[in-house]
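One-letter residues, chain by chain:
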Amino acid sequence: MLPTIQKLLVHILEAEVCMNNILSIKNLYCNYNQIIALQDISIDIQENSIVALIGANGAGKTTLLKTISALHFPKKGQIFFNNQDITKLKPDKRVKLGI
């Protein structure tokens with residue numbers, strides 16, 4: 001079953017058991033003008049895990065990656081990297097943290 005435009009299918013394969021979230025996305029919303037690209041996306045990615053982001057054309061995969069790397073800023077929601085809120089950090093600051 002393919003995801004709707006608002007929802008993404010995120011499949012996490014554990015490479016090694018570890019309880020620390022290296023990346024957490026909480027209630028993320030992103031728009032392009034009046035078009036909703038991401039709606040209420042929440043993801044926790046643990047250290048040492050392998051992640052695949054899968055979805056149909058227009059599902060929001062690229063928007064999510066651009067938002068994580070600060071090439072697009074969310075309308076609301078938060079992004080945490082190593083428990084630090086990076087939602088408002090610019091791309092160069094995120095790169096220095098290891099994104």
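Note that the structure is a prediction, hence the values are computed from the model and not measured. (Residues numbered from 1 in each chain as written. Predicted model: local features only at pLDDT ≥ 70, side-chain atom pairs only at ≥ 80, totals over all residues. Heavy atoms only, no water.)

How do you make sense of the confidence of the model for the protein when you look at a structure like this?
As a general rule, the predicted coordinates of low-pLDDT regions are not to be interpreted in detail. When pLDDT is averaged along the protein, the result is 85; 81% of the residues meet or exceed 70. Confidence, expressed as mean pLDDT per element, reaches its minimum in the protein at strand S1 (residues 9–14) with 42 and its maximum at strand S5 (residues 76–81) with 97. The low-confidence segment residues 1–18 (pLDDT under 50) makes 51 contacts with residues lying over four places distant or belonging to another chain. (pLDDT = per-residue confidence, 0-100. Helix = DSSP H or I, 4+ residues; strand = E, 2+ residues; numbered from the N terminus. Contact = heavy atoms within 4.5 Å.)

I keep staring at the packing of aromatic side chains and nothing clicks. Help me out?
Aromatic rings in a pair are described by how distant their centres are and how their planes are angled relative to each other. This model, assessed by the stated rule, comprises 0 aromatic pairs. Sitting over the face of the ring of Tyr-29, Lys-76 holds its NZ or CZ atom 4.7 Å from the ring centroid. (Phe/Tyr/Trp six-rings, centres within 6.5 Å; stacked < 30°, edge-to-face > 60°. Lys NZ or Arg CZ within 6 Å of the ring centre and 35° of its normal.)

Please explain the nonpolar core as it appears in this structure.
The tendency in soluble globular proteins is for nonpolar side chains to be buried as a group. Grouped together as the largest cluster of nonpolar side chains are 13 residues, with contacts concentrated most on Leu-23, Ile-25, Leu-28, Leu-38, Ile-43, Leu-64 and Ile-79. Elements supplying a minimum of two residues to this core: strand S2 (21–32), strand S3 (35–46), helix H1 (61–68) and S5. With residues up to four places along the chain from it excluded, the contact list for Ile-25 reads Ile-41, Ser-42, Ile-43, Leu-64, Ile-68, Gln-78 and Ile-79. (Core = buried A, V, L, I, M, F, W, Y, C linked by side-chain atoms within 4.5 Å. Buried < 20%, exposed > 50% of the residue type's maximum accessible area, 1.4 Å probe, protein only.)

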